[in-house]
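Read off the chains here:
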Amino acid sequence: MMEIKNYYLPAEWHPQSYIQLPWPHKDTDWAYMLEEVEKCFLEIATHIAQRQPLLLVAPQFPAALENFAYRDNICYIPCPTNDTWARDHGFITLLQNESAPLLLDFCFNGWGMKFAAHKDNLINSHLFKTGVLNGDYINCRNFVLEGGSIESDGEGTLLTTSPCLLAPNRNDTLSRKDIEAYLMERFNLRQVLWLDY
């Protein structure tokens, strides 16, 4: 494991280089209501891109964004996707003042194998290979972790939930103690707080 002694897991509100947005398309779970969902995503994209760069991931550039007012603030990366949940499948980044960020790529298994995730699980490595992201790639794919299952205060405390991380369809060979030890080491934490309900 790479030395992370001087790195920290930033807080949710820490400034970002991009906000990643995978776009819904006919092969996602949104197919049955695609027109309605695309309108919502157009609004999301507008609110992001008028404030900061938007990292758009989709098999092809969405027609809905062809005449987008903030198109200059979009970085588009063509990539196959299953769905639209970047918070769960995206990199988890560790920071350190003097060094490049560490881009941690965990396994995403479609929320405990409820949905197909084989394409989403490859987005991070694809993005890294394009050079669009600054940082050092860290392979953590032997551990199932959705980004939405953790919160950080940026000061060494991580909040997570037992029903998610201890679910048998995620890391079933590991105990709560094992998982906590892994998180403590991987994210350079002081403590892990568990919500049991």
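Residues numbered from 1 in each chain as written. Predicted model: local features only at pLDDT ≥ 70, side-chain atom pairs only at ≥ 80, totals over all residues. Heavy atoms only, no water.

Trainee: Would you take a moment to explain the side chain of E146 for this structure?
Mentor: In this structure, E146 sits in the loop between β6 (136–144) and β7 (150–152). When near neighbours in sequence (up to four residues on either side) are disregarded, E146 contacts D88, F108, N109, W111, G112, C164 and R170. (Helix = DSSP H or I, 4+ residues; strand = E, 2+ residues; numbered from the N terminus. Contact = heavy atoms within 4.5 Å.)

Trainee: Which parts of the structure should I look at to understand the sheet that holds strand β3 (residues 74–78)?
Mentor: Strands in a sheet are paired, the pairing made by backbone hydrogen bonds, and the direction either parallel or antiparallel. If you walk across this open sheet you meet the three strands as β1-β2-β3, and the pairing is parallel. Sheet topology places β1 (19–22) and β3 at the edges, where each strand pairs with a single neighbour. Taken pair by pair, the neighbouring strands of this sheet meet at an average axis angle of 25°, ignoring direction. Pairing of strand β2 (residues 54–58) with β3, which is carried by five bridges, proceeds in the parallel orientation. By the bridge assignment for β3, L54 is matched with I74. Helix-sheet contacts for helix α1 (residues 34–49) involve β1 and β2, and the interaxial angle to β1 is about 165°. Those strands touched by helix α4 (residues 123–130) are β1, β2 and β3, and its axis lies near 115° from that of β3. (Pairing = 2+ DSSP bridges. Axes fitted to C-alpha atoms, helices over the stretch in contact; angles between N-to-C directions.)

Trainee: Would you take a moment to explain the sheet that holds β6 for this structure?
Mentor: Taken together, the three strands give an open sheet; going across it, the order is β4-β5-β6, and neighbouring strands pair in mixed fashion. Edge positions in the sheet fall to β4 (92–94) and β6, since each of these pairs with one other strand and no more. Each strand axis lies, on average, 30° off the axis of its neighbour in the sheet, ignoring direction. Bridge analysis of β4 against strand β5 (residues 102–107) gives three bridges, and the strand direction is antiparallel. When the bridges of β5 are listed, L94 appears paired with L102.

Trainee: Looking at this structure, how should I read the pairing of β2?
Mentor: Two faces, one strand: in a regular strand the side chains alternate between the faces of the sheet. Of all five residues that make up β2, five are buried, and the element is covered over most of its length. As for the winding sense of the linkage, the β-α-β connection from β1 through α1 to β2 is right-handed. (Buried < 20%, exposed > 50% of the residue type's maximum accessible area, 1.4 Å probe, protein only. Right-handed = clockwise from strand over helix to strand, strands pointing away.)

Trainee: How should I be thinking about the environment of L42 in this particular structure?
Mentor: Note on placement: L42 falls in helix α1. In this structure the C-alpha to C-alpha distance between L42 and P62, which are 20 residues apart in sequence, comes to 9.8 Å. In contact with L42, not counting residues within four places along its chain, are W23, A64, L65 and F68.

Trainee: Honestly, unusual backbone geometry in this entry has me stumped. Any pointers?
Mentor: Outside of glycine, negative phi angles account for most residues, and trans bonds account for most peptide bonds. Although it is not a glycine, M113 sits at a positive phi angle of roughly 65°. Topologically, M113 is positioned in helix α3 (residues 110–113).

Trainee: Please clarify how the packing of aromatic side chains should be interpreted in this entry.
Mentor: For any two aromatic rings, the description comes down to two numbers: the centre-to-centre distance and the angle of the planes. Under the defined criterion, the tally for this structure stands at twelve aromatic pairs. Ring geometry for W23 versus F41: centroids 5.8 Å apart, planes at 75°, classification edge-to-face. Residue W23 is located in the loop between β1 and α1, and its partner F41 is located in helix α1; the two are separated by 18 residues in the primary sequence. The class of F41 is buried, set by a relative accessible area of 8%. Taking the centre distance of 6.2 Å and the plane angle of 80° together, the rings of W85 and W111 count as edge-to-face. Here the residue W85 occupies a position in the loop between β3 and α2 (86–89), and W111 occupies one in helix α3, the gap between them amounting to 26 residues. Given a relative accessible area of 37%, W85 falls into the partly exposed group. In this arrangement the basic side chain of R71 is found over the ring face of F61, its NZ or CZ atom lying 4.2 Å from the centre. (Phe/Tyr/Trp six-rings, centres within 6.5 Å; stacked < 30°, edge-to-face > 60°. Lys NZ or Arg CZ within 6 Å of the ring centre and 35° of its normal.)

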